Amino acid sequence: MPVAVVTDSTAYLDAAESAMWGVTVVPLHVVIGGREFDDTADPALTGVAEALRDHAPVTTSQPAPQRFAAAYAAAAAAGADGVVSVHLSGSLSGTAEAARLAAKDAPVPIEVIDSGSVGMGLGFPVLAAAEAARRGASLAEVVSAAGESAAATRSFFYVDTLEYLRRGGRIGAAVNLLGSALAIKPLLHLADGTITVLEKVRTANRAIARLEDLAVQATADGAVSVAVQHLGAAARARALADGLAARVPAASRLTVVEVGAVIGAHVGPGLLGVTIAPAHP
């Protein structure tokens, strides 16, 4: 393809799907109990949920610019005339900035896009870019496809506690709720790339029901793609997906994804989220 697509591991795309669409994934890093791992879509490989429950120290870091430089050089060597590199929100991580540093010395033009999101809020724009690239679109057209998908994508999520977000400094405007907030069940969303509180709910069951309602309200006319994401909450995620399947007949795709270690380290076990995006391949 004339344009290559690169992303980072917090998109949590299935490895087979990434390979099918020719997407290169650069991993972030997670350190658990002094051992460093590449981020993975399979949290069982690092045991992040168990480590968090056991209060083991878990930290994360962005990829070094050299990892992006290697990906860009490989794309150029494979015949790409340009690269669109789509990443998680710059308000949550320095990953996009590391990609920009690497882009300065790349052998082909690189366009770095801050998706303003994470998880499938990043994954769906990446797939939109990959579909455009597969059609032979120009660099500008692939950038536009990713940007339009990101702008139209909405994510809502529930966490059992704000404590993990507080520890990692990713809580954004929700910091105002600390104290009494740790006793409620907050519904959160990403606004301008920052995690903010959307609603306060008193019980987990009510929060999850409200999460489903918010997702249904976010669906527009026409086909949409829906992803339910979780960490250590497979039964809840499947029940939510079943509810959405019944209430969103326009969903051309509905997937359930368990997030990996980097997101997991900052939200904690029990995460349940929904991302709604324009229909993608």
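Just so it is clear, the model here is predicted, and its values are computed rather than measured. Position labels on residues start from 1 in each chain and follow its written sequence. Only residues with pLDDT of 70 or above have their local features reported here, since the model is predicted, and side-chain atom pairs are shown and tallied only from 80 upward, although totals for entire chains, interfaces and linings are computed over all residues. Based on all heavy atoms of the structure, the side-chain values leave hydrogens and waters out of the count.

Trainee: Just checking my understanding: could you explain the pairing of strand β3 (residues 29-32) for this structure?
Mentor: Across a regular strand the side chains alternate sides, sitting on one face of the sheet and then on the other. Any two strands between which DSSP finds at least two bridges are classified as paired. Segments assigned H or I by DSSP are reported as helices when at least four residues long, segments assigned E as strands when at least two residues long, and all are numbered from the N terminus. Pairing of β3 with strand β4 (residues 35-38), which is carried by four bridges, proceeds in the antiparallel orientation. Bridge pairing links Val30 to Phe37 in β4. Turn length for the β3-β4 hairpin, with the two strands adjacent in sequence and antiparallel, is two residues, and the turn residue Gly33 shows positive phi of about 55 degrees. In the sheet, β3 pairs with strand β5 (residues 58-61) via four bridges, with the strands oriented antiparallel. Across the sheet, residue Val31 finds its bridge partner in β5, namely Thr59.

Trainee: Is there a simple way to explain helix α8 (residues 204-218) in this structure?
Mentor: An α-helical turn contains 3.6 residues, so a residue and the one three or four places further along point in the same direction. Each helix should span, by expectation, one fewer than its residue count multiplied by 1.5 Å. Under the 1.5 Å per step criterion, the end-to-end length of α8 is 21 Å for 15 residues, consistent within 8% with the ideal 21 Å. Three labels apply to residues, based on accessible area from a 1.4 Å probe with only protein chains included: buried if under 20% of the type maximum, exposed if over 50%, partly exposed otherwise in between. Within α8, the full set of buried residues consists of Ala204, Ala207, Ile208, Leu211, Glu212, Leu214, Ala215, Val216 and Ala218. For this analysis, residues touch if any pair of their heavy atoms sits within 4.5 Å. Looking at the buried positions of α8, the neighbouring elements they touch are β8 (154-158), β9 (185-191), β10 (194-201), α9 (234-247) and β13 (272-278).

Trainee: Looking at this structure, I do not really get the environment of Leu190. What am I missing?
Mentor: Along the polypeptide, Leu190 turns up in strand β9. Put simply, Leu190 and Gln62 are 128 residues apart on the chain and 20 Å apart in space, counted from C-alpha to C-alpha. In this view, Leu190 contacts Leu92, Gly116, Ser117, Val118, Ser155 and Ile195; residues no more than four positions away in its chain are not counted.

Trainee: Before we go on, may I ask you to explain unusual backbone geometry in this structure?
Mentor: The phi angle of most residues is negative, glycine excepted, and most peptide bonds adopt the trans form. The phi dihedral of Tyr12 falls on the positive side, at around 50 degrees, and the residue is not glycine. Here Tyr12 shows up in the loop between β1 (3-8) and α1 (15-20). What makes Tyr12 buried here is its relative accessible area of 4%. In this model, Asp192 sits at a positive phi of 55 degrees, which is unusual for a non-glycine residue. Checked against the element boundaries, Asp192 lands in the loop between β9 and β10. Residue Asp192 is classed as exposed on the basis of its relative accessible area of 81%.

Trainee: Hey, could you run me through the environment of Tyr72 in this one?
Mentor: By the element assignment, Tyr72 lies in helix α3 (residues 65-77). The spacing of Tyr72 and Gly273 is 201 residues in sequence and 32 Å in space, taken between C-alpha atoms. Beyond its immediate stretch of four places on either side in the chain, Tyr72 contacts Val6, Val83, Ser85, His87, Ala99, Ala102, Ala103, Ala106, Ile110 and Val112.

Trainee: I'm lost on the nonpolar core in this one. Help?
Mentor: Generally speaking, soluble globular proteins have nonpolar side chains that are buried together. As used in this record, nonpolar core signifies buried Ala, Val, Leu, Ile, Met, Phe, Trp, Tyr and Cys residues forming a set joined through side-chain atoms within 4.5 Å. Core analysis: the largest hydrophobic core is formed by 54 residues, its most contacted members being Val58, Val142 and Leu271. Here this core gets nine residues from one element, more than from any other, and that element is helix α5 (residues 120-134). Excluding its chain neighbours within four sequence positions, the residues that come into contact with Val58 are Val30, Val31, Ile32, Val48, Ala51, Leu52 and Ala265.

Trainee: I keep staring at the pattern of salt bridges and nothing clicks. Help me out?
Mentor: Opposite charge on two side chains allows them to pair when their charged atoms are near. In the sections that follow, a salt bridge refers to a side-chain nitrogen of Lys or Arg positioned within 4 Å of a carboxyl oxygen of Asp or Glu. Tallying each qualifying case throughout the model produces nine salt bridges. Residue Asp38 pairs with Arg67 through a salt bridge whose shortest N-O separation is 3.8 Å. Here Asp38 is found in strand β4, whereas its partner Arg67 is found in helix α3, with 29 residues between them in sequence. A relative accessible area of 39% places Asp38 in the partly exposed class. When salt bridges with common partners are traced through the structure, they connect Glu212, Asp213 and Arg247 into a single cluster.

Nothing here speaks to function; it is geometry throughout.
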